[in-house]
Amino acid sequence: MNDSSIPLDLGPAADGVAGLLDGVPEERFGARTPCPDYRVDDLLRHLLGLTLAFRAAARKEFGPLTDVSPTDPAMPAPSLEGDWRGRLRRQLDELAAAWREPAAWRGDTRAGGVGLPAEVMGRVALNELLLHGWDLARATGQPYGADDATAAASIALLSQETDPAARAGTGFGPPVPIADDAPPLDRAVALSGRDPGWAAA
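Residues numbered from 1 in each chain as written. Predicted model: local features only at pLDDT ≥ 70, side-chain atom pairs only at ≥ 80, totals over all residues. Heavy atoms only, no water.

Asker: What should I look at first to understand the overall build of the protein chain in this one?
Answerer: A count of helical and extended segments in the protein chain gives 8 helices and 2 strands. Starting at the N terminus, the α and β elements of the protein chain follow one another as α-α-α-α-β-β-α-α-α-α. What you see for the protein chain is a C-alpha radius of gyration of 16 Å, in line with the 17 Å of a compact globule of 201 residues. When its C-alpha atoms are laid out on the principal axes, the protein chain stretches across 45 × 45 × 35 Å. (Helix = DSSP H or I, 4+ residues; strand = E, 2+ residues; numbered from the N terminus. Rg over C-alpha atoms; globule rule 2.2 N^0.38 Å.)

Structure (structure tokens):
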């Protein structure tokens, strides 16, 4: 897609996550991921929740998904019962479609209890998809890539705040040193505080 009326297309990042789901066997649900706080099943629940929250943010449909932190006990964790792959694929498609509306990028919006300018929120949503897709791919031993626009947007966002104290509670650690000529996806991963060389045991 090449629409000059929206800053970024979340479709490639959403498709990247969707393409991993058939390669996630349920016997891997308890496996480690590059996120120390998440096992594979935790990561999948997080993806199920964030796709709904950022879709609501794009549509400015304010309510519990936009106004309550996902860590609040009042917010039940998404279920992995039934066809979780089908649900997550649909939600990924709906998320990308919601952010293809020019109105999604205008004004202010909220997600998970955090308010931001909508243009920043869209970039945060893209970054979440890219990085958690990488997490899921590494945890399940699958190949993963990113288009140049998505990787560049993630690098730009993550480069804005690298102070460890400011990153506390964001899920991002201090940036990991990496060569300036490293591939863009590796640079984005390193800026998030992840080791680009991380591999499942």
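Once you've had a look at it, read on.
Asker: Mind showing me how you'd approach the pairing of strand 2 (residues 114-117) here?
Answerer: In summary, the side chains of a regular strand alternate between the two faces of the sheet. The pairing of strand 1 (residues 108-111) with strand 2 spans 4 bridges and is antiparallel. Within strand 2, the residue paired with Ala 111 across the bridge is Val 114. Counting the residues that bridge the hairpin from strand 1 to strand 2 gives 2 residues, and of these Gly 112 lies at a positive phi of roughly 60°. (Pairing = 2+ DSSP bridges.)

Asker: Help me out: how do you make sense of the side chain of Ser 154 in this one?
Answerer: Mapped onto the elements of the fold, Ser 154 is located in helix 6 (residues 148-159). Looking at Ser 154, the relative accessible area reads 1%, which means it is buried. When near neighbours in sequence (up to four residues on either side) are disregarded, Ser 154 contacts Asn 127, Leu 130 and Ala 188. (Buried < 20%, exposed > 50% of the residue type's maximum accessible area, 1.4 Å probe, protein only. Contact = heavy atoms within 4.5 Å.)

Asker: Just to check I follow, could you spell out unusual backbone geometry for this structure?
Answerer: Phi is positive for Lys 60, close to 60°, though the residue is something other than glycine. Inspection of the secondary structure puts Lys 60 in the loop between helix 2 (40-59) and helix 3 (64-67).

Asker: Would you explain the environment of Ala 152 in this entry?
Answerer: Relative to the helices and strands, Ala 152 is located in helix 6. Sequence separation between Ala 152 and Ala 188 is 36 residues, and the spatial gap between their C-alpha atoms is 7.9 Å.

Asker: I'm lost on the pattern of salt bridges in this one. Help?
Answerer: Oppositely charged side chains are able to pair whenever their charged atoms sit close together. Counted according to the given criterion, the structure contains 8 salt bridges. Residue Arg 89 pairs with Asp 22 through a salt bridge whose shortest N-O separation is 2.9 Å. Taken together, the positions of Arg 89 in helix 4 (residues 84-98) and Asp 22 in the loop between helix 1 (11-18) and helix 2 put the pair 67 residues apart, joining distant regions of the chain. The salt bridge involving Arg 45 is made with Asp 42; its shortest N-O contact spans 3.9 Å. Highlighted residues: Arg 45 and Asp 42, both in helix 2, separated by 3 residues, approximately one helical turn. (Salt bridge = Lys/Arg side-chain N within 4 Å of Asp/Glu carboxyl O.)

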